[in-house]
Every structure is written in structure tokens, then in C-alpha cells.
Amino acid sequence: MSSNGLRWLLLLSSIEEVNTAPNHMKVLRTYRRSVNSRRSNTSAISTKTPRMDNCCQQTPLFTFGVIADIQYADIDDGFNYSRTRKRYYRSSLELLRNAQESWSELAPRPEFILQLGDIIDGFNKGHAASDRALDSVLREFSSSPAEVHHVWGNHEFYNFSRSALLRSKLNSTLHTDRRLSGAQAGGDIYAYHFSPFPGFQFVVLDAYDVSLLGREESSEQYSSAFSLIRQYNNNEDLNCPPAGGGLEQRFTKFNGGFSKEQLDWLDSVLCSADEKREKVTIVSHLPVHPYSTDPICLAWNFDELLAIIRSHCSVVCFMAGHDHDGGYHRDKDTGVHHLTLEGVIETPPGSDAFATVSVYEDRMVLKGKGRIADRELLFP
């Protein structure tokens with residue numbers, strides 16, 4: 001197979017959608033950077049350096065766990081839609097259990113857990129099993145040594161409406177002991193921030209605030225999102241990326257973006273953090289840096305969000321899921337780390353895909369398990 005053909009097949013592996021037509025990918029003409037190129041930016045990262053070893057001997061200010069794209073379903077193993085990657089639907093629950101056990105054995109225990117979205121798979125909807133599958137995963141999370149902050153991805157919206165999610169246990173603002181007064185974006189936007197330790201803020205963003213997913217077709221939000229995607233994607237099946245290639249590949253139905261209201265809210269949160277000299281980590285299901293993921297997995301208006309990040313001095317890291325291969329890039333202009341976590345769903349039994357992050361005054365040290373590499377992330 002030619003190198004171009006290999007890139008084509010690899011790109012298809014990151015596409016996620018429940019209702020897919022047999023000719024879903026026939027018009028796809030694009031590129032994919034190799035996994036090595038996305039993982040080659042090692043500036044300020046190390047897996048086995050003396051500096052990291054010394055850091056491990058220190059006591060962290062706090063720790064937290066992180067996991068992405070569990071996509072549990074009580075169905076037999078299958079493949080992604082290009083049939084190039086196997087997906088392990090049932091065993092994803094066992095891998096979550098492994099993560100929970102590991103976090104429970106840590107001393108000190110993690111301050112919180114980040115679940116980066118796609119907690120159950122969209123196939124559950126077709127089997128009338130959405131509630132049952134979610135209950136199974138949340139039952140595992142109930143044994144968590146710390147509170148869990150849930151991020152919403154495309155598979156949440158394949159299974160539930162936005163209004164249902166806002167009432168559910170996946171709305172972490174309803175199920176936290178932390179004080180969140182004035183910390184939420186408002187309206188039906190699922191975005192908020194919290195401080196696990198003095199001097200540090202974590203911001204959870206709603207990457208499907210502007211989207212065709214989770215919105216009623218009769219709504220103004222749906223109409224606006226449809227007009228936006230149609231500017232770039234003329235395919236009958238909007239889950240099929242535009243044929244032009246490049247960054248426009250992101251304009252698909254399984255992605256979304258951030259409204260002006262949410263961006264303005266984030267800007268105000270970061271202004272406050274700048275003044276207080278806090279260190280901010282932003283989390284979202286969708287990545288926002290083109291070098292931290294494949295173009296097909298980017299948020300629609302990633303550039304607007306990057307511009308906000310670059311206008312502030314408080315952001316140190318951006319964490320995301322969605323791209324099951326994972327990725328990493330350190331922005332050379334800001335020093336911000338853009339980390340995309342590998343997905344549980346395509347991790348075979350016997351391996352793992354989760355991480356524990358230890359936070360110090362000047363860095364975060366990520367200890368990965370299984371597919372996820374160790375990283376030392378120096379603060380800008």
C-alpha cells in the first residue's frame with residue numbers, strides 16, 4: 001500500500017458517527033499526519049529524565065486522574081467505520097475499573113477525576129440501552145476515590161438530548177461539593193470552572209454549544225449551526241468530511257464549536273485568572289490545536305479559542321479526547337501544552353488507557369498507563 005493510502009486509512013479511524021451510510025467515506029480526500037509526527041514535538045517533555053525523577057521524589061500540591069472515550073456498550077467487539085481499528089465495547093468497562101483501582105491505591109488520593117467525554121457509545125441508542133449503559137459506567141465511577149468531572153462529547157448527544165444531559169448525572173455542576181456560584185457560563189451551555197487548590201483553575205468547556213447534535217431541528221441554534229457547516233461541507237451526509245482536504249475536514253456533524261457567549265465567558269474567566277496569577281488548565285472533548293490532533297477531529301472554530309488562549313498568560317494546558325490515537329503539541333508562542341488523550345474504546349484487553357497527573361508549582365507530571373505515555377509538562 002502506498003504511503004498516501006496508509007494515511008487515508010489511518011484518517012478514517014478517527015471518524016465517529018452512529019448513523020453511517022455504506023458510501024460514507026467515498027468522497028473523502030484528505031491527509032493525515034503520521035502518529036509519529038504528532039508525537040514528535042517533545043519540547044519540555046520527558047519520560048525518563050533526572051528532572052522528572054527528582055520531581056517524583058517531591059510531594060505534589062495535588063493530583064488528578066484523567067480518562068477519555070470509554071464508549072461502553074454491552075455489545076460484541078466491532079470495528080471503526082473504515083474497519084481499520086478494532087473497538088472493544090464491553091471490555092472498556094474493565095479498563096475503567098482498572099483505572100479506578102489504580103487511583104484508589106494512590107497516596108495521597110487524587111483530588112478529582114476528569115472524564116473527557118464519550119462515556120458510552122452511540123450504538124446504545126439503537127439498542128434502547130442508553131440509560132442502562134450509562135448506569136453501568138456510573139456505577140463504576142461511584143467507587144471513585146474523588147469526585148468526577150464529566151465532559152460532553154458527540155456520543156453523549158447520540159444518546160441524550162441537551163436538556164436531558166443538563167438534568168442528568170453527567171452534569172457535574174449538580175453533583176459537586178465545590179462552590180460553583182458565578183462559575184458557570186449560563187443558559188444551556190455546559191461550561192464551568194473550579195479550583196482544586198489555591199492558585200489553580202480548571203475550566204470545562206462545551207465543545208458542542210454550536211452543533212447539529214443535541215439541538216432541536218426547529219431551533220435557532222440548529223439553523224445557525226447548519227448554515228455554518230454548509231459553508232464548507234456540501235455532502236448529502238454531513239458526517240462525511242468536505243472533499244477539499246486540509247483543516248476544512250473539521251466541518252462534519254460529529255464535531256461542533258463554541259458560541260460567542262461561551263468564548264466571552266472564557267475570556268472573562270481568564271482575565272480574572274491573569275490578575276490573580278493563577279494557572280489554568282482547560283478541558284474539552286474536542287482538541288483546538290491543529291498539531292495536537294488530526295484536522296478531522298478539530299473544533300469548528302478552534303482558531304477563535306486559540307486566539308483567546310494566546311491573549312492571556314494564565315493558561316498552561318489544554319486537554320481533550322475525541323481522537324482515539326491521541327496527540328501532543330506545545331504551542332511555541334505561548335508555551336501552552338495541548339494534550340489529546342488516547343481513547344479507551346480502541347485499547348485492547350490486557351492494556352490500559354488512563355493517566356494520573358501530579359501538579360507542582362512549576363509543572364505537571366503525567367504518569368500514563370498502557371497506551372498513554374509519561375510526560376513532564378513545564379509551565380510557561
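For every chain, the first residue of its written sequence is number 1, and the numbers climb from 1 along that sequence. With pLDDT at 70 or above as the cut-off, local features in this predicted model cover only qualifying residues; side-chain atom pairs require 80 or more to be listed or tallied, and sums for whole chains, interfaces and linings still use all residues. Water and hydrogen atoms play no part in the side-chain values, which are based on all heavy atoms of the structure.

1. Digging into the packing of aromatic side chains
The rule is short: rings of Phe, Tyr and Trp, with Trp giving its six-membered ring, pair when the centres are within 6.5 Å, and they are stacked under 30 degrees, edge-to-face over 60, tilted in between. Counting across every chain of the model gives 21 aromatic pairs. Seen from their ring centres, Phe62 and Phe112 are 6.5 Å apart, and the 35 degrees between their planes marks the pair as tilted. Residue Phe62 is found in strand E1 (residues 62-67), and its partner Phe112 is found in strand E4 (residues 112-115); the two are separated by 50 residues along the sequence. Comparing Phe62 with Phe112, the two get one shared label, buried. Taken together, a centroid distance of 5.9 Å and an interplanar angle of 25 degrees make the contact between Phe62 and Phe197 stacked. With Phe62 in strand E1 and Phe197 in strand E6 (residues 192-197), this residue pair connects regions lying 135 residues apart in the sequence. The exposure class of Phe62 is buried, given its relative accessible area of 5%. Three exposure classes are used, based on accessible area relative to the maximum for each residue type with a 1.4 Å probe and protein chains only: buried under 20%, partly exposed in between, and exposed over 50%. A relative accessible area of 28% places Phe197 in the partly exposed class. Numbered from the N terminus, helices here are DSSP runs of H or I no shorter than four residues, and strands are runs of E no shorter than two.

2. Thoughts on the sheet that holds E6
Ordered in space as E6-E7-E8-E9-E11-E10, the six strands form an open sheet in which the pairing is mixed. Each end of this open sheet is capped by a strand with a single partner; those strands are E6 and strand E10 (327-330). Mean inter-strand twist for the sheet, computed between neighbouring axes without regard to direction, equals 15 degrees. In this sheet, strand E11 (residues 337-340) lies alongside strand E9 (residues 315-320) in parallel orientation, the contact comprising four bridges. Within E11, the position partnered with Ala320 by the bridge is Thr340. What makes two strands pair is DSSP finding at least two bridges between them. Orientation is described by axes fitted as lines to C-alpha atoms, over the contacting stretch for helices, and by angles from 0 to 180 degrees between their N-to-C directions.

3. Some points on the state of the cysteines
In plain terms, two cysteine sulfur atoms within 2.5 Å form what is called a disulfide here. Applying the stated criterion to the full structure yields zero disulfides. In this structure Cys271 is a free cysteine whose sulfur lies 9.7 Å from that of Cys313, the closest cysteine sulfur available.

4. A look at the pattern of salt bridges
A side-chain nitrogen of Lys or Arg and a carboxyl oxygen of Asp or Glu constitute a salt bridge if their distance falls within 4 Å. A complete count under the given rule lists 15 salt bridges for this structure. Across the pair Asp206 and Arg162 runs a salt bridge, and its minimum N-O distance is 2.7 Å. Pair noted here: Asp206 is in the loop between strand E7 (200-204) and helix H9 (220-230) and Arg162 is in helix H8 (residues 162-167), with a separation of 44 residues, a long-range link. The exposure class of Asp206 is buried, given its relative accessible area of 1%. Notably, a salt bridge pairs Lys260 with Asp264, separated by 2.7 Å at the nearest N-O pair. Note that Lys260 and Asp264 are positioned in helix H10 (residues 260-276) at a spacing of four residues, about one turn of the helix. The exposure class assigned to Lys260 is exposed, which follows from its relative accessible area of 62%. Overall, the relative accessible area of 41% leaves Asp264 in the partly exposed class.

5. Observations concerning the confidence of the model for the protein chain
Residues at a pLDDT of 70 or more form 84% of the protein chain, whose mean pLDDT is 88. In the predicted structure, residues 1-40 sits below a pLDDT of 50 and forms 103 contacts with residues beyond four places in sequence or in another chain. The quantity called pLDDT is the predictor's confidence in a given residue, expressed from 0 to 100. Any two residues having at least one pair of non-hydrogen atoms within 4.5 Å are treated as being in contact. Confidence over residues 42-50 falls short of pLDDT 50; this stretch has 17 contacts with residues more than four positions distant or in other chains.

6. What to know about the environment of Val280
With respect to the helices, strands and loops of the structure, Val280 is situated in strand E8 (residues 279-283). Sequence separation of Val280 and Phe318 is 38 residues, and the distance between their C-alpha atoms is 8.8 Å. Apart from the residues within four sequence positions on either side, Val280 is in contact with Gln201, Val203, Leu270, Ala273, Ser314, Val315, Val316 and Cys317.

7. A look at unusual backbone geometry
Ala107 connects to Pro108 through a cis peptide bond whose omega is 0 degrees. Tracing the sequence through the fold places Pro108 in the loop between helix H4 (91-104) and E4. Notably, Asp69 is not glycine yet its phi reads approximately 50 degrees, a positive angle. Secondary-structure assignment places Asp69 in the loop between E1 and strand E2 (78-79). The phi dihedral of Arg277 falls on the positive side, at around 55 degrees, and the residue is not glycine.

8. Digging into helix H6 (residues 130-141)
Given the number of residues in a helix, its expected span is that number minus one, multiplied by 1.5 Å. Helix length check: H6 (12 residues) gives 17 Å between terminal C-alpha atoms against 16 Å at 1.5 Å per residue, within 8%. If you follow the buried residues of H6, they end up packed against E1, H4, E4, helix H5 (123-126), strand E5 (147-150) and helix H7 (154-159).

9. Points about the packing of H10 against helix H11 (residues 302-310)
Where H10 meets H11, the closest approach of the two axes is 10 Å, and the angle between their N-to-C directions is 15 degrees. Here H11 runs roughly parallel to H10, going by the angle between their axes. H10 and H11 meet at a crossing whose hand is right-handed. Within the contact between the two elements, H10 uses Leu263, Leu266, Asp267 and Leu270 and H11 uses Glu304, Leu305 and Ile308. When residues are grouped by polarity, Ala, Val, Leu, Ile, Met, Phe, Trp, Tyr, Cys and Pro land in nonpolar, Asp, Glu, Lys and Arg in charged, and all others, Gly among them, in polar. A per-class count over the contact of H10 with H11 returns five nonpolar, no polar and two charged. Any angle from 65 to 115 degrees is called roughly perpendicular, while one under 35 is roughly parallel, one over 145 is roughly antiparallel, and all others are oblique. A crossing counts as left-handed when the near helix is turned anticlockwise from the far one by less than a right angle, and as right-handed when that turn is clockwise.

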